[in-house]
Amino acid sequence: MPERVRFAPSPTGPLHIGGVRTALFNFLYAKNNKGQFILRIEDTDQNRYVPASEEYIYKALNWMGLTIDEGPVEGGNFGPYRQSERKAIYAKHIKDLLDSGAAYYAFDSQDALQKERENAEKAGRVFQYDQHSRSRMSNSLNCSEKETAAHLKSGNYVIRLKIDAHEPFVVKDLLRGVITVDPSLLDDKILMKSDGMPTYHFANVVDDHLMEITTVIRGEEWLPSLPLHNLIYQAFGWSPPEFIHLPLILKPEGKGKLSKRDGITGGFPVFPMQWEELDGFKERGVLPDALRNYLLLLGWNSGGEQEIFSFDQMINSFGIEGLQKGGARFDFSKAVWMNEQYLQKMSHTEFRAAVNESLDVLEEIYDAKTIDQILNMIQPRVKLLSDVDKEIALFHTDPNSYDAKTLDKLRPKLPKEFLPWCMDQIKNGQIDDLKSAISEWGEKNNCNMGVLMQALRLALVGSLSGPDLIDIMNVLKKDVTLVRIDHFRISTNL
Ligand code: GLU
């Protein structure tokens, strides 16, 4: 049977980076097994629904190159793929459970439940609506048919799963093995809410079964729900799919789950692309290929030294053997490093295409050949696409300030005659010969070559950063070079 896996986000906000990793691992697992990758939108929680999030999910998956085989937009034989459009399916299935006695109606008011909770708390216990407490509660197991009919007519009811497990039982996770469940911890979970919508648990199980999902791959936070999900499968008489619960993505410090707040306080992205006022990886200049590769290694490794994986290599290598159980620490600097690897191995044409948006300002000043020259100079220097604007600035804008610390250091060491001499040299000689001329001048005037070159760099760039100085001058040409040096000389009195 071909593998069918699904990514099942709830449209309650932007896709968090953990969600993108879940989508990626599902996609890789599907493709590795020549199976199908399905997108299901779990939008049954009306209160938490955020309208723009489904569009965001689509945009993010598309940017990441995770092609969906079946989904709300793509269609498929197992639709609809939006849970809000599957109400009739849940209604039929809940009826099956009610008819078989595996589920029952519960009529308890919020006040009555609250009172139970308080009483339990006073006695040092936690209230559970379960096989022990349900007999004293208000539900269709205890009420007469007439009372039940009256409650149902009023519409104030939920439907609960009747769990009568007495012995410990086991559930299985492909990554974590067999887990023994203590039945006393299980409560009669709500399957249908009073608004007539299914709960996550019920809709999720019904849909995974009807969509013929073979392996459920999701975050570790759903592991505690696994016993309940198994019991729902049992109640229907269905066999459950396989389960893999992926390790958590941890805060950079290593403790606790990574949150949106961590990104805000730490100054790093936690969303793939922009959401409201928060930049995502895309806006920070991370390539989708690099993000994919970075996420691949958050909880998975090949068992060898290899860290850089092409998309095809990922698909071919991915499997559960490489998954880790423990949490994976998020490290933005590793993502930046990964991005740098991808930028550095791009061909000139690829690099030019990737930075195209930043080139308008250069096109106003330079011909295509010079722009190519500039790109060749900056490519080895950029780690993020967002570095490009900063790197090219020196080629289109004269510096308007000079690094004060460097200036202070140079001032006592730089002979007054140097800059005027240098300007003459540039005016009358070849830029390419300048370095050796400066070296000679330095020796003659007893001045360190480093000091002279730093002064020149400060004049042209404003700081000590940037590509090779002679390359820069060759692009700027004599006129601009001279204007910059002269401006520097006058404004700093050097
Ligand atoms: N809708 C759930 C979520 O947003 C899906 C959990 C699952 O994959 O079963 O995470």
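Look a little higher up for the structure.
These remarks concern the structure in this document. (Residues numbered from 1 in each chain as written. Predicted model: local features only at pLDDT ≥ 70, side-chain atom pairs only at ≥ 80, totals over all residues. Heavy atoms only, no water.)

## Comments concerning the overall build of the protein
Moving on, step 1. A tally of regular secondary structure across the protein gives 20 helices and 11 strands.
Moving on, step 2. At 32 Å, the protein has a C-alpha radius of gyration far larger than the 23 Å of a compact globule built from 494 residues.
Moving on, step 3. Here the C-alpha coordinates of the protein stretch approximately 110 × 50 × 40 Å along the principal axes.
Moving on, step 4. Here the contacts in the protein between residues at least 6 apart in sequence split such that 72% fall between residues at least 24 apart. (Helix = DSSP H or I, 4+ residues; strand = E, 2+ residues; numbered from the N terminus. Rg over C-alpha atoms; globule rule 2.2 N^0.38 Å. Contact = heavy atoms within 4.5 Å.)

## Points about the side chain of Thr 148
Moving on, step 1. Secondary-structure assignment places Thr 148 in helix α5 (residues 145-154).
Moving on, step 2. Note on Thr 148: relative accessible area 11%, which makes it buried.
Moving on, step 3. Thr 148 has contacts with Phe 107, Ser 140 and Cys 143, leaving out every residue within four places of it along the chain. (Buried < 20%, exposed > 50% of the residue type's maximum accessible area, 1.4 Å probe, protein only.)

## What about the pairing of strand β2 (residues 36-39)?
Moving on, step 1. As paired elements, strand β1 (residues 4-7) and β2 share 4 bridges and run parallel to each other. Bridge assignment links Val 5 to a residue of β2, and that residue is Phe 37.
Moving on, step 2. What joins β1 to β2 is helix α1 (residues 17-32), and the crossover it makes is right-handed. (Pairing = 2+ DSSP bridges. Right-handed = clockwise from strand over helix to strand, strands pointing away.)

## Structural notes on the environment of Pro 420
Moving on, step 1. When you line up the elements, Pro 420 lands in helix α17 (residues 418-428).
Moving on, step 2. Linking Pro 420 and Leu 494, residues 74 residues apart in sequence, is a C-alpha distance of 9.9 Å.

## What to know about the packing of α1 against helix α9 (residues 288-296)
Moving on, step 1. Two elements in contact, α1 and α9, have axes separated by 10 Å at closest approach and are oriented at 85 degrees. Comparing the axis directions of α1 and α9 gives the class roughly perpendicular. Residue-level contacts link Ile 17, Val 20, Arg 21, Leu 24, Phe 25 and Leu 28 of α1 to Leu 291, Arg 292, Leu 295 and Leu 296 of α9.
Moving on, step 2. Among the residues making up the contact of α1 with α9, the classes are represented as 8 nonpolar, no polar and 2 charged. (Axes fitted to C-alpha atoms, helices over the stretch in contact; angles between N-to-C directions. Parallel < 35°, antiparallel > 145°, perpendicular 65-115°, else oblique. Nonpolar A, V, L, I, M, F, W, Y, C, P; charged D, E, K, R; others polar.)

## A few points about the environment of Phe 127
Moving on, step 1. Among the structural elements, Phe 127 can be located in the loop between α4 (110-122) and α5.
Moving on, step 2. For Phe 127, a relative accessible area of 15% corresponds to the buried category.
Moving on, step 3. Linking Phe 127 and His 348, residues 221 residues apart in sequence, is a C-alpha distance of 66 Å.
Moving on, step 4. Once residues lying within four places of it in the same chain are set aside, the contact partners of Phe 127 are Leu 113, Glu 116, Arg 117, Ala 120, Ser 133, Arg 136 and Met 137.

## What about the nonpolar core?
Moving on, step 1. Phe 330 and Phe 395 are the most contacted members of the largest nonpolar core, which totals 111 residues.
Moving on, step 2. With residues near it in sequence (within four places) discarded, Phe 330 still touches Ile 17, Ile 249, Leu 250, Lys 251, Pro 252, Leu 258, Phe 268, Pro 269, Phe 281, Tyr 294 and Leu 298.
Moving on, step 3. The next biggest cluster of nonpolar side chains, apart from the first, holds 38 residues, and it includes Tyr 81, Ala 165, Val 206 and Val 216. (Core = buried A, V, L, I, M, F, W, Y, C linked by side-chain atoms within 4.5 Å.)

## A look at the pairing of strand β8 (residues 215-219)
Regular strands place side chains that alternate from one sheet face to the opposite one.
Moving on, step 1. Of all 5 residues making up β8, 5 are buried, and the element is well covered by its neighbours.
Moving on, step 2. Across 5 bridges, the pairing between β8 and strand β9 (residues 242-246) is parallel. Bridging from a neighbouring strand, Arg 218 pairs with His 245 of β9.
Moving on, step 3. The parallel pair β8 and β9, bridged by helix α7 (residues 226-236), forms a crossover whose chirality is right-handed.

## Examining the sheet that holds strand β3 (residues 103-106)
Moving on, step 1. The 3 strands lie next to each other as β3-β4-β7, forming an open sheet whose pairing is antiparallel. Taken across any chain shown, the strands that pair with only one partner, and hence form the sheet edges, are β3 and β7 (190-192). The mean angle between the axes of side-by-side strands here comes to 45 degrees, regardless of whether they run parallel or antiparallel.
Moving on, step 2. Pairing of strand β4 (residues 158-161) with β7, which is carried by 2 bridges, proceeds in the antiparallel orientation.

## Some words on the site of the ligand
Moving on, step 1. As a structural note, the neighbourhood of the ligand is formed by Arg 6, Ala 8, Pro 9, Ser 10, Glu 42, Tyr 200, Asn 204, Arg 218 and Trp 222.
Moving on, step 2. A distance of 2.6 Å is found between a nitrogen atom of the ligand and a side-chain nitrogen or oxygen belonging to Glu 42.
Moving on, step 3. Separating an oxygen atom of the ligand from a side-chain N or O atom of Arg 218 is a distance of 3.0 Å.
Moving on, step 4. Protein burial of the ligand: of its 290 Å² of free accessible surface, 83% is covered by the chains. (Near = heavy atom within 4 Å. Polar contact = N/O pair within 3.5 Å; in protein donor to acceptor, adjacent residues only side chain to side chain. Areas by Shrake-Rupley, 256 points an atom, 1.4 Å probe, with all protein chains shown as cover.)

## Thoughts on the environment of Gly 319
Moving on, step 1. Its place among the elements puts Gly 319 in the loop between α10 (311-317) and β11 (328-329).
Moving on, step 2. For Gly 319, a relative accessible area of 7% translates into the label buried.
Moving on, step 3. Residues Gly 319 and Phe 25, 294 residues apart in the sequence, show an inter-C-alpha distance of 9.0 Å.

## Thoughts on α1
Moving on, step 1. Taking 1.5 Å per residue as the helical rise, α1 with its 16 residues ought to reach 22 Å, and the 22 Å between its terminal C-alpha atoms agrees with that figure.
Moving on, step 2. In terms of burial, α1 is largely enclosed, as 14 of its 16 residues are buried.
Moving on, step 3. Just downstream of α1 lies Lys 34, where phi reads positive at about 55 degrees. (Expected span 1.5 Å × (residues − 1).)

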